[in-house]
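So the chains spell out like this:
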Amino acid sequence: MKNACNKAVFIDRDGVITIEPTGKGKNQYIRSLSEMKIQMEIVPLLQTFQRLGYKLIVVTNQACIGKGYLSHRQFATLTRYMVAELRRKGIRIANVYYCSSCNPHHPCRKPNPGMLWRAKQRYHIDLQKSILIGNQLRDIEAGKRAGIGRTILYDSNAMPDITVKKLSYIQPENL
Ligand SMILES: [Mg+2]
């Protein structure tokens, strides 16, 4: 067995790579290509991570499939489009892991870490050297349970400009 020598950035899809639809019910999910809009800010960020040698792996809950709002085939079409759009910007996504289950106990549905374990096995990833970016606490929880070294919560509605876990993380020279 190869050593776990690669580092990765695990990126949530909805609300991080793509802009989340604002509808309710089944309209809260991206179900067509016209609804799939990539956030411009993610592009330079992923380019930088790639340049730094991180594998880029998408991990996304897609309960809309389990609920019958979207088929696996339609999801695959959306995924191909997203990957191709990013590829046009020079970004190579190593893989897109998704969980179609709406059962909160499903081992792959975040906050459960199943998708991260699978990626770790396949790509020989050192999770401690890896990063996870999500926009919900369940993303962060999945990262913590898997042993990801750094988890980042993106919350555009956050009240403070910066939230820190330790006062020593405040860097006056970088504010
Ligand atoms: Mg999300």
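What you see is a predicted model; the values in this text were computed from it and never measured. (Residues numbered from 1 in each chain as written. Predicted model: local features only at pLDDT ≥ 70, side-chain atom pairs only at ≥ 80, totals over all residues.)

1. Concerning the UniProt feature "site: Stabilizes the phosphoryl group" (unreviewed entry) in the protein
No. 1: Following the UniProt record, the feature "site: Stabilizes the phosphoryl group" (unreviewed entry) maps to Thr60 here.
No. 2: Locating Thr60 in the fold gives a position in strand 2 (residues 55–61).
No. 3: Judged by C-beta crowding, with 21 C-beta atoms within 10 Å, Thr60 ranks as buried.
No. 4: Not counting chain neighbours up to four residues away, the residues in contact with Thr60 comprise Asp12, Arg13, Asp14 and Tyr98. (UniProt positions renumbered as here; feature names shortened; annotations may be inferred. Helix = DSSP H or I, 4+ residues; strand = E, 2+ residues; numbered from the N terminus. Buried ≥ 20, exposed ≤ 12 C-beta atoms within 10 Å, placed from the backbone. Contact = placed C-beta atoms within 7 Å.)

2. Some words on helix 5 (residues 137–146)
The periodicity of an α-helix, 3.6 residues per turn, causes residues three or four places apart in sequence to face the same way.
No. 1: Among the residues of helix 5, Asp139, Ile140, Ala142, Gly143 and Ala146 are the ones counted as buried. In an axial view of helix 5, the angular spread of the buried residues amounts to 160 degrees, which keeps them on one side of the axis.
No. 2: Looking at the buried residues of helix 5, the elements they touch are strand 1 (8–11), helix 4 (114–123), strand 4 (131–134) and strand 5 (150–153).
No. 3: Positioned one or two residues after helix 5, Gly147 has a phi angle of 90 degrees, which is positive. (Arc of directions from axis to C-beta.)

3. Regarding the environment of Leu116
No. 1: Following the sequence through the fold, Leu116 ends up in helix 4.
No. 2: With 26 C-beta atoms counted inside 10 Å, the residue Leu116 sits in the buried group.
No. 3: For Leu116 and Gln62, which are 54 residues apart along the polypeptide, the C-alpha to C-alpha distance reads 15 Å.

4. Some thoughts on the sheet that holds strand 1
No. 1: Read across the sheet, five strands follow the order 3-2-1-4-5 without closing on themselves; strand pairing throughout is parallel. Of all the strands in the sheet, the pair left with one neighbour each is strand 3 (93–99) and strand 5. Shown here is a sheet whose adjacent strand axes are inclined to one another by a mean of 20 degrees, direction ignored.
No. 2: Note: strand 1 against strand 2, four bridges, orientation parallel. From the neighbouring strand, Ala8 faces strand 2, where its bridge partner is Lys55. (Pairing = 2+ DSSP bridges. Axes fitted to C-alpha atoms, helices over the stretch in contact; angles between N-to-C directions.)

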